[in-house]
Amino acid sequence: EISDAIRKALRDHNGGTFTPQPRPKPVVHDGAKARQQIINQGKYSTEQELLSSSPVSIPADPIEQQRLFLKTRFQWKDFIFTGGSTQSGIPETIKPCCQWTDEVSPGPFVIVNPLNGYPAPLKSGNGMTYRGDGNISFYRHAMGEFDTLSREDQVRFWSAIQLPIVALIDSGGKSIHCWFDVQKWATVKTPEQWKSEIKTKLYDQLLTPYGVDAACSNAARLSRLPGVFRTEKQAYQRLLWLSPEGRPV
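Cut-offs applied
- Residues numbered from 1 in each chain as written.
- Predicted model: local features only at pLDDT ≥ 70, side-chain atom pairs only at ≥ 80, totals over all residues.
- Heavy atoms only, no water.
- Helix = DSSP H or I, 4+ residues; strand = E, 2+ residues; numbered from the N terminus.
- Buried < 20%, exposed > 50% of the residue type's maximum accessible area, 1.4 Å probe, protein only.
- Contact = heavy atoms within 4.5 Å.
- Areas by Shrake-Rupley, 256 points an atom, 1.4 Å probe, with all protein chains shown as cover.
- Pairing = 2+ DSSP bridges.
- Axes fitted to C-alpha atoms, helices over the stretch in contact; angles between N-to-C directions.
- Polar contact = N/O pair within 3.5 Å; in protein donor to acceptor, adjacent residues only side chain to side chain.

1. Observations regarding the overall build of the chain
- What the chain contains, in helices and strands, is eight helices and 12 strands.
- The buried share among the 249 residues of the chain stands at 48%.
- Taking as baseline every contact in the chain between residues at least 6 positions apart, the subset at least 24 positions apart corresponds to 67%.
- Working note: accessible area of the chain is about 12,100 Å², and carbon and sulfur atoms make up 52% of it.

2. Topic: the sheet that holds strand 3 (residues 109–111)
- Taken together, four strands build an open sheet; the order of strands is 2-1-3-9 and the sheet is antiparallel. Among the strands making up the open sheet, the edge pair consists of strand 2 (94–96) and strand 9 (222–224). The sheet shows a mean angle of 40° between the axes of neighbouring strands, taken without regard to direction.
- By the bridge criterion, three bridges tie strand 3 to strand 9 in an arrangement that is antiparallel. Of the residues in strand 9, the one forming a bridge with Ile111 is Leu222.

3. Some details on the side chain of Ser171
- With respect to the helices and strands, Ser171 occurs in the loop between strand 7 (165–170) and strand 8 (176–181).
- Given the relative accessible area of 2%, Ser171 is considered buried.
- Of the polar contacts made by the side chain of Ser171, one reaches the backbone nitrogen of Gly173; its length is 3.1 Å.
- Discounting residues that sit within four places of it in the chain, Ser171 has contacts with His177, Arg224, Arg230 and Gln237.

4. What to know about the side chain of Arg131
- Along the chain, Arg131 turns up in the loop between strand 5 (128–129) and strand 6 (141–144).
- A polar contact is formed between the side chain of Arg131 and the backbone oxygen of Ser85, at a distance of 3.0 Å.

5. A closer look at unusual backbone geometry
- Look at the link from Gly107 to Pro108: it is a cis peptide, with omega at 5°.
- Non-glycine residue Gln234 carries a positive phi angle of around 55°.
- When you line up the elements, Gln234 lands in the loop between strand 10 (229–230) and strand 11 (235–236).

6. A closer look at the sheet that holds strand 8
- An order of 6-8-7-12 is seen for the four strands of this open sheet, with the pairing classed as antiparallel. Pairing within the sheet leaves two strands with one partner each, and these edge strands are strand 6 and strand 12 (238–247). The sheet shows a mean angle of 15° between the axes of neighbouring strands, direction not considered.
- Examined bridge by bridge, strand 7 and strand 8 share five bridges and lie antiparallel to one another. Its bridge partner lying in strand 8, Asp170 is registered against Ile176.
- Set on the sheet, helix 4 (residues 62–73) makes contact with strand 6, strand 7, strand 8 and strand 12; between it and strand 12 the angle comes to about 15°.

The structure is reproduced here in C-alpha cells:
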C-alpha cells in the first residue's frame, strides 16, 4: 500500500497535479524529553503488572485470548481481516467477527478497523482491494508502537499516557501494540475526518514526536493478533491489557 501511494504521488507530480502540503506543527516540541517524562510517570514496568491491572481478566490460554479480544473489540457482524500481510481474499481472510470467534485464526495480523466487504480502488489506482483504507466500514480503532524503546520503557509509557486505550498486545517480538478508541478522541466518520483528526492531530502532532512509528497512522493498519504463535520469534502474540471502553491504563 505504501508503494502504491508513492507511485501515485509520482504520477501526480509528473502530471503537474501534485501540491505538497505543509507539515503540521507538533504540539510536542522536544519529543525525546517529553517521552522520558511520561516514562518516568509510568505506573507499571512489567507485563505481569499490566495483566494484573487489566479491567477484563485475561485467560492464560492463547486461543481464549484471541476470542476474548475479538469479541470485546469488534461487533458480531463486523467484517474483520485476519491473515498474512500479503493476503487479501474473501472469504479466506475477511469474515464476520462471529465466524472468527468460532474458529482459530492463523493470523498473524488483524486490521484494526472493521471492513465493509466490498472492493475499493487501490491508492495507486491500479486494481482493487478488499482491505485498504478505502474499505473501512467504521472508524473504531487506531494503533501505535515503538521500534526503539526497551520493553520496560514501553510498558511505562503506555501505562502513563492519558489516551483512550482499549488494548495492549505483545507482538511476540520487540514491541507492544497499543490500540486506541478513535471515537473517544474525535468524531470520525469519513476518510477526511480520519486524516484531519487522527493522522494529523493524534499522530503527526502528538504521537510521532514522542517516537511512535509514523507508519501506524492509517485506518487499515495491520496489528498483531493475540493468540498466534510467531514462529520466527518462537513466541506467542499475547494480550496484556484489555478494556471494553477506552481509558488511560
